[in-house]
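# Residue-level structural notes
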Amino acid sequence: LSTRASAILSALEISADTELAGVYHGEWTGTGDILESVCPTTGEVLARVRSASPQELQTALEKSREAYELFRLVPAPRRGEILRQIREALAAKREALGALMSLEMGKIKTEGVGEIQEVVDIADYAVGLSRMMNGRVVASERPGHSIYEVPNPLGVVAVLSAFNFPVAVYGWNLALSLAAGNATLWKPSPSTSLCSIAVTKIVSQVLEQNGLPGAIAGLVTGAKDVGEAVVESQDVDMVSFTGSEAVGRQVGKVVQSRFGKVLLELGGNNASIIMPDADLSLAVSAVFFGAVGTAGQRCTSTRRLYLHRDIAPEFLSQLQSLYASVRPGDPLEPTTLLGPLHTRAAMGVYSSAVDRLRKTGAEILTGGALYEGLASPLDGGNFVMPTIAVPKTVDLADAVWKTETFAPVLCVGVFDELEQAIKWNNGVPQGLSSSLWTRDIRNVGKWIGPVGSDAGIVNVNVGTSGAEIGAAFGGNKSTGWGRESGGDAWKQYVRWSTCTINYSDKAPLAQGVQFSS
Ligand code: UN1
């Protein structure tokens, strides 16, 4: 192992010399297929992880159920105290975990550390929530009766997370699920096993120190077969899935057919709209971060840019200068803005998207190629040039506009009226994030109201990506309608009991129904 990789792993007490156990349910095991963790920057194999065998998965599910049966009895504020300790333990390793994320996922260090901060933030939020997960008292129409809506723990929540946010999206789910009194079982992306092992180690130590079963936060690494078995299992009360629309459609059907709960966070195809009265320098920087940040691998990445005709040439020239300043590099170096794509396969996806653009007559303003012949040690990395393309027309039926390409490819269209741009914004299957740049309050009103953006995230003078945790996060339409993180998202992680209680000496029926002979 390279010295840089060993240093990062040893700071997290992970020894990559041997095969790593990729299953945790109170103890660490792993006898299933080997998953290789590959550094996307250099191509180096970082670790070999033993994933969950079918038998180990069954054991993990059983242990999760047992853990839930115990944990549901712990009062919510006490669960919050456990979360507070988890928050402290993760914050203490913020730098090391952020570095591991850069190493294994490929995002730049500031974003890696930011992702751990996102987990710390949601843990803080859920600590507070643990004293505020209140139900309601409802006025009954019957004398001497009361109605209560009571949030009870739900059971076992499985979290299937994606490679691009290998820790934060799990953190959103874990924090709410734990505060709600559930056991959580994590099935991470097969290519980011190290991140999941490192986080689970830290979380499990806190649970064990508190005399609680580790299976409250279990881990089953594995490939598609493990994911499918988790999704099909009757022992899983809710499945929270982040990933592609194609897989999400299957997950949704399977969970629905067994009447489980499902929370989907699928593809985004997010647009920024720039009006002529916008503060251009702010808008240009935001589009740059939205489209090039994380090498275009956020669900919230900016993929479509709609420019008002009056500012289009000026905007594009400023944007192109920013693109020209980008050099690919080691994501662990503080000056790097562009890390690699996460997998080799993603380079193919990028190239075919660029080919399709060329074939349909789009003008490629910048990028459009792989970086080749980079100096060692980066020559094994998956580096592609951030691309700006201007398709001939904004034909939303065309794949270049309507599909999500998980790479830094930005398509540009020019409009004359805001209404047109909103139509384009809404005219795709996905509905995650959207962003309007204007200083005219009338545009803002239009944008956030009934004739405005139909996405779940509707920003003004803020780019499409980089949401805070306090509000609900999620998208509409083919993004799956799920809401995670803040806002009312916690309400999905509980089993609501509507309890009508009669304190009176009579037993009247509702709606005045008489039923006595
Ligand atoms: C994702 O890409 O799956 O808003 C999540 C953002 C981040 C989360 C992205 N806070 O871009």
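Residues numbered from 1 in each chain as written. Predicted model: local features only at pLDDT ≥ 70, side-chain atom pairs only at ≥ 80, totals over all residues.

As a further point, take the environment of Asn164. Structurally, the position occupied by Asn164 is in the loop between strand E8 (156-160) and helix H6 (168-179). Assessed through the 25 C-beta atoms surrounding it within 10 Å, Asn164 is described here as buried. Residues Asn164 and Ala286 lie 122 residues apart in sequence; the distance between their C-alpha atoms is 20 Å. Each residue touching Asn164, except ones within four places of it in the same chain, is listed here: Thr294, Gln297, Arg298 and His342. (Helix = DSSP H or I, 4+ residues; strand = E, 2+ residues; numbered from the N terminus. Buried ≥ 20, exposed ≤ 12 C-beta atoms within 10 Å, placed from the backbone. Contact = placed C-beta atoms within 7 Å.)

On to the site of the ligand, then. Neighbouring the ligand are Glu118, Asn164, Phe165, Val169, Thr242, Arg298, Cys299, Thr300, Ser465, Gly466 and Ala467. Along the lines of polarity and charge, the residues of the shell around the ligand split into four nonpolar, five polar and two charged. (Near = placed C-beta within 6 Å. Nonpolar A, V, L, I, M, F, W, Y, C, P; charged D, E, K, R; others polar.)

The strand order across the open sheet formed by seven strands is E3-E2-E10-E9-E8-E11-E12, and the pairing between neighbours is mixed. In the strand order of this sheet, the two ends are held by strand E3 (28-29) and strand E12 (261-265), each with one partner. Across three bridges, strand E9 (residues 183-187) lies against strand E10 (residues 217-220) in parallel orientation. When the sheet's bridge partners are listed, Trp186 is paired in E10 with Leu219. The strands touched by helix H7 (residues 193-209) within the sheet are strand E2 (23-24), E9 and E10, with E10 carrying the most contacts at an inclination of about 150 degrees. Lying over the sheet, helix H8 (residues 224-232) contacts E8, E9, E10 and strand E11 (238-242), oriented at roughly 150 degrees with respect to E9. (Pairing = 2+ DSSP bridges. Axes fitted to C-alpha atoms, helices over the stretch in contact; angles between N-to-C directions.)

Right, let's talk about the environment of Trp424 for a bit. Within the secondary structure, Trp424 is located in helix H14 (residues 418-426). Note on Trp424: 18 C-beta atoms within 10 Å, which makes it partly exposed. Discounting chain neighbours no more than four positions away, the residues touching Trp424 are Ala271, Tyr306, Val394, Leu396 and Gly413.

Let's shift gears to the UniProt feature "active site" (unreviewed entry) in the protein. The sites that UniProt annotates as "active site" (unreviewed entry) are Glu265. Glu265 gets classed as buried once you count the C-beta atoms within 10 Å, which come to 29. Excluding residues within four positions of it along the chain, Glu265 makes contact with Thr242, Cys299, Gly474, Gly480, Gly482 and Glu484. (UniProt positions renumbered as here; feature names shortened; annotations may be inferred.)

What follows concerns the packing of helix H1 (residues 3-11) against helix H4 (residues 94-104). Between H1 and H4, the shortest axis-to-axis distance is 9 Å and the interhelical angle comes to 140 degrees. Overall, the two elements H1 and H4 adopt an arrangement that is oblique. At the point where H1 passes H4, the crossing takes the left-handed sense. Where H1 approaches H4, its residues Ala5, Ile8 and Ala11 are matched on the opposing element by Ala96, Ala99, Leu100 and Leu103. (Parallel < 35°, antiparallel > 145°, perpendicular 65-115°, else oblique. Left-handed = near helix turned anticlockwise from the far one by under 90°.)

For the rest of this paragraph, the subject is H8. Within H8 the residues assigned to the buried category are Val226, Gly227, Val230 and Val231. Relative to the axis of H8, the buried residues are bounded by an arc of 130 degrees and lie together on one face. For H8, the secondary structure elements touched by its buried residues are helix H2 (54-71), E8, E9, E10, E11 and helix H9 (245-257). (Arc of directions from axis to C-beta.)

Glancing now at the confidence of the model for the protein. Taken as a whole, the protein shows an average pLDDT of 97; of its residues, 99% reach a score of 70 or greater. Listed scores for the predicted complex are pTM 0.97 and ipTM 0.98. (pLDDT = per-residue confidence, 0-100.)

In this section: the nonpolar core. Nonpolar side chains in soluble globular proteins tend to end up buried together. Ranked by internal contacts, the top residues of the largest apolar core, which has 91 residues, are Leu100, Ala126, Ala175 and Ala179. Looking at this core element by element, the count peaks at nine residues for H6. Counting 49 residues, the second largest nonpolar core, distinct from the first, contains Met275, Ala291, Val292 and Val354. (Core = buried A, V, L, I, M, F, W, Y, C linked by C-beta atoms within 7 Å.)

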